[in-house]
Amino acid sequence: MVATPFGPFELPGGDSIALGALLAVVPLLVVKPWKASKSPRNFLVACAVSAILLSRLYFTAYLRGGPRIIDAAAYTFQARTFASGAVAFASRAPLAATLGRFVVATPDGRLAGIFPPGWPAVLAIGHRLGLPNLAPLALAGALPLATYAVARKFTRGAGDDRGPRLAALLVVLSAPLRYFGAEPMAHGLCALLILLFFWALPTGAAATEDRDRSLATSAAAGLAVGALATTRFASAFAPATLLAVALLGRRTTRTFSHCFAAFAGLAVPLALLFAYQYRVTGAPFRPAQSVYYALTDGPVGCFRYGFGRGIGCQFEHGPFVAARLADGYSAGAALGTTARRLALHLGDLGNQEFTGLMTLVAIVAGLRAGRRRLLAALPPLHVLAYAPFYFDGNYPGGGARLLADVLPVEAILLGLWVVESEPLFRLKGFKAPPQAANFSAALVVASLIGFAFHGSAAARMLRDRDGGRPAWTEANESQALVFTSQSPNTTTLTLVDGDAAFLLANDPMHPTRIVARASAPRGGDDRPTWALLGRPPTMFDRDNLLTKQDFIPFDDRTRFAWSGTALWPLRAVENGYGFPRWDDGPAGLALHRQGAAPLVATVTFVDQIRACSTYLVTFWGANFGALAVGASEDDKDFTEDDSRSPRDVRRFRGDIRALNPHKKGDFSEISLRVRSAIEHIRLVGISSEPCTTKTHD
């Protein structure tokens, strides 16, 4: 394999799909599907069916039967929650055992995904019907049809569909679009909504056209923009700009009516978005992602849209931020991020860079054509819309995924340019068949060959990552269902090791199965969670292997301990941030003060309720200053324990008495509050045991 800035290149080897792409060249050259015909019905059916079958093949061969990216796992979790009729998931496991990557706690203590609700709502339809792949595959089939329809709208000759045909073929053969028809990611829906937007958008500024247009089309354009905002907010910026230009630049008697209709269509999805955010975060204009990154990552405000210092989350995107954003997200860093996206994006439409270069020429030509100017303006505006976001979002298989939403539009521009610029490909004095047909054939063949040597290499990299399988497989699901059926009159507990596995294993449609994050691999103790849930039959999942878990017996004299890494994420934080660290010292929860005020952070864990429990909290750091620890419900601080402590270690000891002594032997969540005036300190661990001395009020 040869790695390049444009992605990997490799011989197909034993990849049967890549070899099949090479073998498909000859039949396509014989059939010539890019040639014009009076009835496109058979062609469109073939395109839709081919797109669905290729995406399904991608799902089986490269994804190996399940979501491979944690974003897709989070979308699946949200979709299942919506399919159960709820906005947030009411897990019976405590939050201390369920919070982790890409979920937040709602104000009423439920679990919610961090992404906008648009795509999960569509994805939930299939989950409700028992067909989890329905939405991605339906979008895969719809995209070439919508591409053809929009291309026909922008075609100069009413009876010439060669350009729309080529555009639809390029969409079918694009490897990233086939991937997004297999993985439950939002980009396929965004691409379809953008096509719907252009289908409803006026193509000219003639007053006669304005009089003939229905207000419903303007409302549909606004609805598409609003739906984009509820799916991927930044993807709505470019269409919203073009909608304003199209409507406000018309100067007709019905301009106000069309603007009002578009605004009405836009307002409906936005109202749903704000209602969802209010339900999840308690504030209609605060996205769940901002709450999540405030509690799990840093510095404060690291995950935001814009430029400046402090942008770039050190935990979620640590290596990327350390390598490229040491001084924050500047204009130079934005140029670098955009350049990396564009380098991969060149090979996304045709699976090789030659088609991408031709697409750039087609965009420039479209900007010079009045009727097609708004269509051609979308790709560069979309690139600019994502420029203020610091993370490039590229990965094998997905290509430059943040730019994938505009691939069908680029296919339209390229297809129409190839057909309508046919004289550019003729040589004077040389008689030859129409060169547009030859060039169309070359682009289709190049797409197949490009996938065989380029796109398939990226797909295999995606296939082989994370152990070469999904975090939660169909075999895991079947085994978990069998285990649950063996205890029909009680609930069961499945402890999973991994964030993606937790998101995929949780299914509200199986209420008798409780899924919690295993804390033991991170230095925690799962026995208190198991006891809190009533000591149910338990299975433990690690590395895709489910085994029955038997816990060692314990009583109220048992000592429990939790590593600082098992205490992430924070339940609350002010004036700073925290996330796990395993380097530059003992593993623990790194706490960072930001600003002049002291850091105040709250950690939670499940522990036994004793008449009196003694907690020992251990910190590590090079420079110590003002530091205090106490129970969140009590203003009384723990006492610092200096006995036998190394110079870079501080320990605090404190007793917590049960408020309800009759609950002795039960288990509950315990919250401890840390107040620190130290710029950097690491919470190494917490232990609890029965009090050895009599405590006083």
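Coordinates for the structure precede this section.
Residues numbered from 1 in each chain as written. Predicted model: local features only at pLDDT ≥ 70, side-chain atom pairs only at ≥ 80, totals over all residues. Heavy atoms only, no water.

A. Just the packing of aromatic side chains, in detail. Tallied over the entire structure, the rule returns 36 aromatic pairs. Aromatic side chains Y58 and Y62 sit 4.9 Å apart centroid to centroid with 65° between the ring planes, which places their arrangement in the edge-to-face category. Here the aromatic rings of F554 and F667 are separated by 5.9 Å at their centres, their planes lie at 90°, and the arrangement is edge-to-face. Note that F554 is positioned in the loop between β8 (545–549) and β9 (560–563) and F667 in strand β18 (residues 667–676), a separation of 113 residues in sequence. Members of the aromatic cluster, each reached through a chain of ring pairs, are Y75, F102, F115, Y292, Y293, F303, F320, F389, Y390 and F391. The lysine or arginine in question, R101, covers the ring of F102, its NZ or CZ lying 5.3 Å from the ring centre. Across the ring face of F43, the terminal group of R165 is positioned such that the distance to the ring centre comes to 4.4 Å. (Phe/Tyr/Trp six-rings, centres within 6.5 Å; stacked < 30°, edge-to-face > 60°. Helix = DSSP H or I, 4+ residues; strand = E, 2+ residues; numbered from the N terminus. Lys NZ or Arg CZ within 6 Å of the ring centre and 35° of its normal.)

B. Local environment of the packing of helix α3 (residues 41–61) against helix α6 (residues 134–153). At a minimum axis separation of 8 Å, α3 and α6 run at an interaxial angle of 145°. As α3 runs across α6, the sense of the crossing is right-handed. Residues F43, L44, C47, A48, A51, I52, S55 and R56 of α3 pack against L137, A140, G141, P144, L145 and Y148 of α6. For the contact of α3 with α6, the per-class residue count stands at eleven nonpolar, two polar and one charged. (Axes fitted to C-alpha atoms, helices over the stretch in contact; angles between N-to-C directions. Left-handed = near helix turned anticlockwise from the far one by under 90°. Contact = heavy atoms within 4.5 Å. Nonpolar A, V, L, I, M, F, W, Y, C, P; charged D, E, K, R; others polar.)

C. The nonpolar core, seen in detail. By size, the foremost hydrophobic cluster in this structure holds 191 residues, and its most contacted members are F198, L672 and I686. Sorting elements by how many residues they give to this core places helix α20 (residues 435–464) first, with ten residues. Excluding residues that lie within four positions of it along the chain, F198 makes contacts with V150, K153, F154, L242, L374, L375, L378 and V409. (Core = buried A, V, L, I, M, F, W, Y, C linked by side-chain atoms within 4.5 Å. Buried < 20%, exposed > 50% of the residue type's maximum accessible area, 1.4 Å probe, protein only.)

D. Summary view of the environment of N489. On the secondary structure map, N489 appears in the loop between α21 (474–485) and β5 (492–496). Residue N489 is classed as exposed on the basis of its relative accessible area, which comes to 78%. Each C-alpha atom, one on N489 and one on T512, is 8.9 Å from the other, the two residues being 23 residues apart in sequence.

E. Summary view of the environment of A376. Within the element layout of this structure, A376 appears in helix α18 (residues 373–386). Discounting chain neighbours no more than four positions away, the residues touching A376 are I363, G366, L367 and L413.

F. How the structure looks around the sheet that holds β18. Reading across the sheet, the four strands line up as β10-β13-β18-β15 and stay open at both edges, with antiparallel pairing between neighbours. The open sheet has two edge strands with one neighbour each: β10 (572–574) and β15 (627–631). Between one strand and the next, the sheet's axes are offset by a mean angle of 20°, whatever the strand orientation. (Pairing = 2+ DSSP bridges.)

G. The pairing of β18, seen in detail. Of all ten residues in β18, seven are buried; the element is thus mostly enclosed. In the sheet, strand β13 (residues 599–608) pairs with β18 via ten bridges, with the strands oriented antiparallel. When the sheet's bridge partners are listed, T602 is paired in β18 with R673. Taken together, the five bridges between β15 and β18 define a ladder with antiparallel strand orientation. Its bridge partner lying in β18, G630 is registered against R673.

H. Structural detail: the state of the cysteines. Within this structure, the stated rule accounts for two disulfides. With a sulfur-sulfur separation of 2.1 Å, C302 is cross-linked through a disulfide to C313. One quick way to see it: the torsion about the S-S bond of C302 and C313 is about 85°, and its sign makes the bridge right-handed. Of this pair, C302 sits in the loop between α14 (288–296) and α15 (318–324) while C313 sits in the loop between α14 and α15, placing them eleven residues apart in sequence. Given a relative accessible area of 0%, C313 falls into the buried group. Each sulfur in the disulfide pair C612 and C691 lies 1.9 Å from the other. The disulfide joining C612 to C691 has a torsion of about -70° about its S-S bond and is therefore left-handed. On the criterion of sequence distance, the pair formed by C612 in strand β14 (residues 612–620) and C691 in the segment after β19 (680–690) is long-range, its members being 79 residues apart. With a relative accessible area of 14%, C612 lands in the buried category. (Disulfide = S-S within 2.5 Å.)

I. Broad picture of the side chain of T230. Among the structural elements, T230 can be located in the loop between α11 (215–229) and α12 (237–248). For T230, a relative accessible area of 9% puts it in the buried group. Setting aside its immediate chain neighbours within four residues, T230 contacts P116, P117, G118, P269, L270 and L273.

J. Quick look at the side chain of T147. Within the secondary structure, T147 is located in helix α6. Take T147: its relative accessible area is 0%, and that puts it in the buried class. Among residues more than four places away in sequence, those in contact with T147 are A167, A168, V171, L195, P408 and I412.

Spatial relationships are all this shows, so hold off on functional conclusions.
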